[in-house]
Amino acid sequence: MTDQNQVTIDVVSDVVCPWCYLGMKRLESALAALPGINAEIRWRPFQLDPTIPPEGKDRRAYMLAKFNDEARLQQIHANLVSLGALEGISFDFDAISISPNTLDAHRVIRWAAASGDGVQSKLVRSLFSLYFERGKNIGDHRVLIEAARDAGMDAAVVEAMLPTDADRDEVTNEVATASRMGITGVPCFLLDGKYAVMGAQDAATLADAIRQVAVEKASGEPSAG
């Protein structure tokens, strides 16, 4: 396979964003429909709310304060449950008791990038599932260490680094960079650093965009789209 079939996909997301979990599943479906394209996926940090304290907040109170409407919140959750079922996600919002600060989760995701092919995506998939399907607090270091171990990382190294300031500034700066680029919502899929697909688009839309970028690389000319 030549590098003309290689497409780099930077996914800007937050692991407490349900639309990002849907986006990951739809991206996987899109790539499954493009067997001739070799995609390198890199997960980039975004924080929906960096002001949440390290210990997190009571999720029910936090969400009600955010939406100020119980009925609307229940409608949003019901819609996500239906959409999730189509992608093989079993959203269980009632199981979630804590809205965590995701800075530490993003630090571990950053370290996962250097832990071997596929490890970062495996970790991200695990964190989404732990939070949205099992109600785990992914701001808890114990949860993060176990998820890192299950993804194939060196858990002892993660356990040693988490209490330190390692990569805190780097993650914060990367989140700030995303904002400066105009990314105000997630997920955002950056294709080969040239094109952005915003939101949890359906798999066919993502596949078309990825295919277009691959065709452009092969021809060496910008596409009309």
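Presented here is an overview of the structure given in this document. Bear in mind the structure is a predicted one, so any value in this text is a computation, not a measurement. (Residues numbered from 1 in each chain as written. Predicted model: local features only at pLDDT ≥ 70, side-chain atom pairs only at ≥ 80, totals over all residues. Heavy atoms only, no water.)

1. Some remarks on the packing of aromatic side chains
Counted by the stated rule, this structure contains seven aromatic pairs. Between Phe 91 and Phe 132 the ring centres are 5.4 Å apart and the planes differ by 90°, which places this aromatic pair in the edge-to-face class. Note that Phe 91 is positioned in the loop between helix 3 (70-86) and strand 4 (98-99) and Phe 132 in helix 5 (residues 119-134), a separation of 41 residues in sequence. Here Phe 91 falls in the buried class, since its relative accessible area comes to 8%. The exposure class assigned to Phe 132 is buried, which follows from its relative accessible area of 1%. Plain terms: the ring middles of Phe 93 and Phe 132 are 6.1 Å apart, the flat faces sit at 75° to each other, and that makes the pair edge-to-face. In this pair, Phe 93 sits in the loop between helix 3 and strand 4 while Phe 132 sits in helix 5, placing the two residues 39 residues apart along the sequence. (Phe/Tyr/Trp six-rings, centres within 6.5 Å; stacked < 30°, edge-to-face > 60°. Helix = DSSP H or I, 4+ residues; strand = E, 2+ residues; numbered from the N terminus. Buried < 20%, exposed > 50% of the residue type's maximum accessible area, 1.4 Å probe, protein only.)

2. What about helix 4 (residues 103-112)?
Across the ten residues that make up helix 4, a large majority, nine, are buried. Among all positions in helix 4, only Leu 103, Asp 104, Ala 105, His 106, Arg 107, Val 108, Ile 109, Trp 111 and Ala 112 are buried. Buried residues belonging to helix 4 abut strand 1 (6-13), strand 2 (38-45), helix 5, helix 6 (141-151), helix 7 (155-161) and helix 8 (168-180). (Contact = heavy atoms within 4.5 Å.)

3. A word on the nonpolar core
Grouped together as the largest cluster of nonpolar side chains are 62 residues, with contacts concentrated most on Ile 9, Val 108, Leu 123, Leu 127, Met 153 and Ile 210. Where this core is concerned, the elements lending two or more residues are strand 1, helix 1 (18-32), helix 4, helix 5, helix 6, helix 7, strand 5 (188-191) and helix 9 (203-219). Broken down by element, the residue count for this core peaks at eight residues, all from helix 5. Contacts of Ile 210, omitting those with residues within four sequence positions, involve Val 7, Ile 9, Leu 27, Leu 31, Leu 34, Ile 37 and Leu 191. (Core = buried A, V, L, I, M, F, W, Y, C linked by side-chain atoms within 4.5 Å.)

4. Description of the pairing of strand 5
Of the two faces of strand 5, the one holding Cys 188 and Leu 190 and the one holding Phe 189 and Leu 191 are both buried throughout. Relative to strand 5, strand 1 runs antiparallel, the two sharing four bridges. Following the sheet pairing, Asp 10 is matched in strand 5 by Leu 190. For strand 5 and strand 6 (residues 195-198), the ladder comprises four bridges, and the chain directions are antiparallel. Within the sheet, the bridge partner assigned to Phe 189 lies in strand 6 and is Val 197. With antiparallel pairing between neighbouring strands as the criterion, strand 5 and strand 6 make up a hairpin whose turn holds three residues, including Asp 192 at a positive phi of roughly 55°. (Pairing = 2+ DSSP bridges.)

5. Quick notes on the pairing of strand 2
The pairing of strand 1 with strand 2 spans eight bridges and is classified as parallel. Following the sheet pairing, Ile 9 is matched in strand 2 by Ile 41. One crossover worth recording links strand 1 to the parallel strand 2 by way of helix 1, and it is right-handed. (Right-handed = clockwise from strand over helix to strand, strands pointing away.)

6. Concerning helix 6
Along an α-helix, residues three or four positions apart point the same way, because every turn accommodates 3.6 residues. Every buried residue of helix 6 is listed here: Val 143, Leu 144, Ile 145, Ala 147, Ala 148 and Ala 151. On the buried face of helix 6, the contacting elements are helix 4, helix 5 and helix 7. Downstream of helix 6 by a residue or two, Gly 152 has a phi angle that is positive, lying close to 105°.

7. As for the packing of helix 4 against helix 8
What describes two packed helices is the angle between their axes and the distance between those same axes. As a packed pair, helix 4 and helix 8 sit with axes 9 Å apart at the nearest point and diverge in direction by 100°. One element, helix 4, and the other, helix 8, form an angle in the roughly perpendicular class. In this structure, helix 4 contributes Leu 103, Asp 104, His 106, Arg 107 and Arg 110 to the contact, and helix 8 contributes Arg 168, Glu 170, Val 171, Thr 172 and Glu 174. Of the residues belonging to the contact of helix 4 with helix 8, the class tally is two nonpolar, two polar and six charged. (Axes fitted to C-alpha atoms, helices over the stretch in contact; angles between N-to-C directions. Parallel < 35°, antiparallel > 145°, perpendicular 65-115°, else oblique. Nonpolar A, V, L, I, M, F, W, Y, C, P; charged D, E, K, R; others polar.)

8. Describing the sheet that holds strand 2
Strand order in the open sheet made by the four strands is 2-1-5-6, with mixed pairing throughout. Each edge of the open sheet carries a strand with a single partner, namely strand 2 and strand 6. Sheet twist, expressed as the mean angle between neighbouring strand axes with direction ignored, is 20°. Contacts between helix 5 and the sheet are confined to strand 1 and strand 2, with strand 2 contributing the most and set at about 55° to the helix.

9. Let's talk about the packing of helix 4 against helix 5
At their nearest, the axes of helix 4 and helix 5 sit 8 Å apart, and the two run at 155° to each other. Judged by the angle between their axes, helix 4 and helix 5 are roughly antiparallel. Crossing angle aside, the handedness with which helix 4 passes helix 5 is right-handed. Here Ala 105, Val 108, Ile 109, Arg 110 and Ala 112 of helix 4 come into contact with helix 5, specifically with Val 119, Gln 120, Leu 123, Val 124 and Leu 127. The class makeup of the residues in the contact of helix 4 with helix 5 is eight nonpolar, one polar and one charged. (Left-handed = near helix turned anticlockwise from the far one by under 90°.)

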